[in-house]
Amino acid sequence: MKRTSIIFLQAVIALIGVLAIFALIRFPMLEGRAVNLNLWEIYSDPFILYAYVASIAFFVALYKAIKLLGYISSDKLFSVDAVKTLRTIRYCAIITGVLIVLAGIYIMIFHHEDDDPAGFMGMCILTTFISVAVATAVAVLEKILQRAVDMKSENDLTI
């Protein structure tokens, strides 16, 4: 790949991370019940804190994606480190999906009678589907890359 393409993809991933941080900071202030709360009460809510802790896996996956693009730019894609990076991305996608499902279950059980959690549940379903799709795609790429690394090491031994 061209160096400019890799830099562009790294910038896009970094932009996704910045937008996610912005959403994590800004969204709790826009929530309906946060109108009468101060900043401490907004950001010390257990569910908001859960969202922050759960987002760690997402940000680790973004970092590893940037790292994988770094391996591509330095022609080290067919290495064990690249396979480990893909494995970490897959695990992060699975963890993110599980944590989103747990948040959806929590909201379904403990939501207020006047609230309608349909929108939140729709977002949970959508983001869980995306997490599963990412985990599946990365698992396939991981197996292909592992085979390529094995073939490369085998060829290096025969020469």
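Refer to the structure above for everything that follows.
Summarised in this report is the structure supplied together with it. Each residue is numbered by its place in its chain's sequence as written, counting from 1. Local features are withheld for residues below a pLDDT of 70 in this predicted model, meaning they are given only at 70 or higher, and side-chain atom pairs are given and counted only at 80 or more; totals for whole chains, interfaces and linings count all residues. To get the side-chain values, take all heavy atoms of the structure and skip hydrogens and water.

### With respect to the overall build of the chain
Secondary structure counts use DSSP, requiring at least four H or I residues in a row for a helix and at least two E residues in a row for a strand, with both numbered from the N terminus. Helix and strand counts for the chain come out as 5 helices and 0 strands. Written out in order from the N terminus, the α and β elements of the chain read α-α-α-α-α. The globule rule used here is 2.2 Å times the number of residues to the 0.38 power, and the radius of gyration it is set against is calculated over C-alpha atoms. Against the compact-globule benchmark of 15 Å for 159 residues, the chain has a radius of gyration of 20 Å, which places it well outside the compact range. Scored against the burial criterion, the 159 residues of the chain give a buried share of 28%. Each residue is placed in one exposure class: buried if its accessible area under a 1.4 Å probe, protein chains only, is under 20% of its type's maximum, exposed if it is over 50%, and partly exposed if it falls in between.

### A short note on the pattern of salt bridges
Here, a salt bridge means any side-chain nitrogen of Lys or Arg that lies within 4 Å of a carboxyl oxygen of Asp or Glu. Tallied over the entire structure, the rule returns 2 salt bridges. With a shortest N-O distance of 2.9 Å, R87 and E142 are connected by a salt bridge. Pair noted here: R87 is in helix α4 (residues 80-110) and E142 is in helix α5 (residues 118-158), with a separation of 55 residues, a long-range link. Judged by relative accessible area, E142 falls into the buried class, the value being 8%. R90 is the partner of E142 in a salt bridge, and the nearest nitrogen-oxygen pair spans 3.1 Å. Remark: R90 occurs in helix α4 and E142 occurs in helix α5; sequence separation between them is 52 residues. One salt-bridge network, held together by shared partners, links R87, R90 and E142.

### Description of the packing of aromatic side chains
Pairing of aromatic side chains requires ring centres within 6.5 Å, counting the rings of Phe and Tyr and the six-membered ring of Trp. Pairs whose planes differ by under 30 degrees are stacked, by over 60 edge-to-face, and all others tilted. Across all of its chains, the model carries 6 aromatic pairs by this definition. An angle of 45 degrees between the planes, with centres 5.1 Å apart, marks the rings of Y106 and F110 as tilted. Of the two residues, Y106 and F110 are both situated in helix α4; the distance of 4 residues between them amounts to about one turn of the helix. Residue classification places F110 among the exposed residues on the basis of a relative accessible area of 58%. Members of the aromatic cluster, each reached through a chain of ring pairs, are F47, Y50, Y106, F110 and F120.

### A few points about the nonpolar core
Judged by nonpolar contacts, the single largest core of 14 residues is most densely connected at I13, L68, A82, L86 and L145. Elements with a contribution of two residues or more to this core: α1 (3-30), α3 (46-73), α4 and α5. No other element matches α3, which puts 5 residues into this core. Here, two residues are considered to be in contact whenever any of their heavy atoms come within 4.5 Å of each other. Beyond its immediate sequence surroundings of up to four residues, L68 is in contact with L77, A82, T85 and L86. To form a nonpolar core, buried Ala, Val, Leu, Ile, Met, Phe, Trp, Tyr and Cys residues must be joined to one another through side-chain atoms within 4.5 Å.

### Thoughts on the packing of α4 against α5
To define axes, lines are fitted to C-alpha atoms, for helices over the stretch in contact only, and angles between the resulting N-to-C directions are given on a 0 to 180 degree scale. Orientation of α4 relative to α5, taken along the N-to-C sense of each, is 160 degrees, at an axis distance of 8 Å. Relative to α5, the element α4 is oriented roughly antiparallel. As for the relative orientation of α4 and α5, their crossing is left-handed in sense. Three classes are used: nonpolar for Ala, Val, Leu, Ile, Met, Phe, Trp, Tyr, Cys and Pro, charged for Asp, Glu, Lys and Arg, and polar for all others, with Gly counted as polar. Considering only residue class, the contact of α4 with α5 consists of 22 nonpolar, 7 polar and 3 charged. Throughout this description, any angle smaller than 35 degrees is read as roughly parallel, any larger than 145 degrees as roughly antiparallel, any in the 65 to 115 degree range as roughly perpendicular, and the remainder as oblique. Rotating anticlockwise by less than a right angle from the far helix to the near helix defines a left-handed crossing, while the corresponding clockwise rotation defines a right-handed one.

### Some remarks on a nonpolar patch on the surface
Think of a patch as exposed residues, more than 30% relative accessible area, with no salt bridge, where like charges cluster within 9 Å and nonpolar side chains (Val, Leu, Ile, Met, Phe, Trp, Tyr) cluster within 5 Å. Surface exposure here means Shrake-Rupley accessible area, sampled with a 1.4 Å probe, where a residue is shielded only by the protein chains that are shown. Together, Y91, I94, I95, V98, V101, L102, I105, Y106, M108, I109 and F110 make up an exposed nonpolar region whose accessible area comes to about 1000 Å². The residue V98 is located in helix α4 in this model.

### Comments concerning unusual backbone geometry
Backbone geometry places D75, a non-glycine residue, at a positive phi of 55 degrees. Looking at the element boundaries, D75 is found in the loop between α3 and α4.

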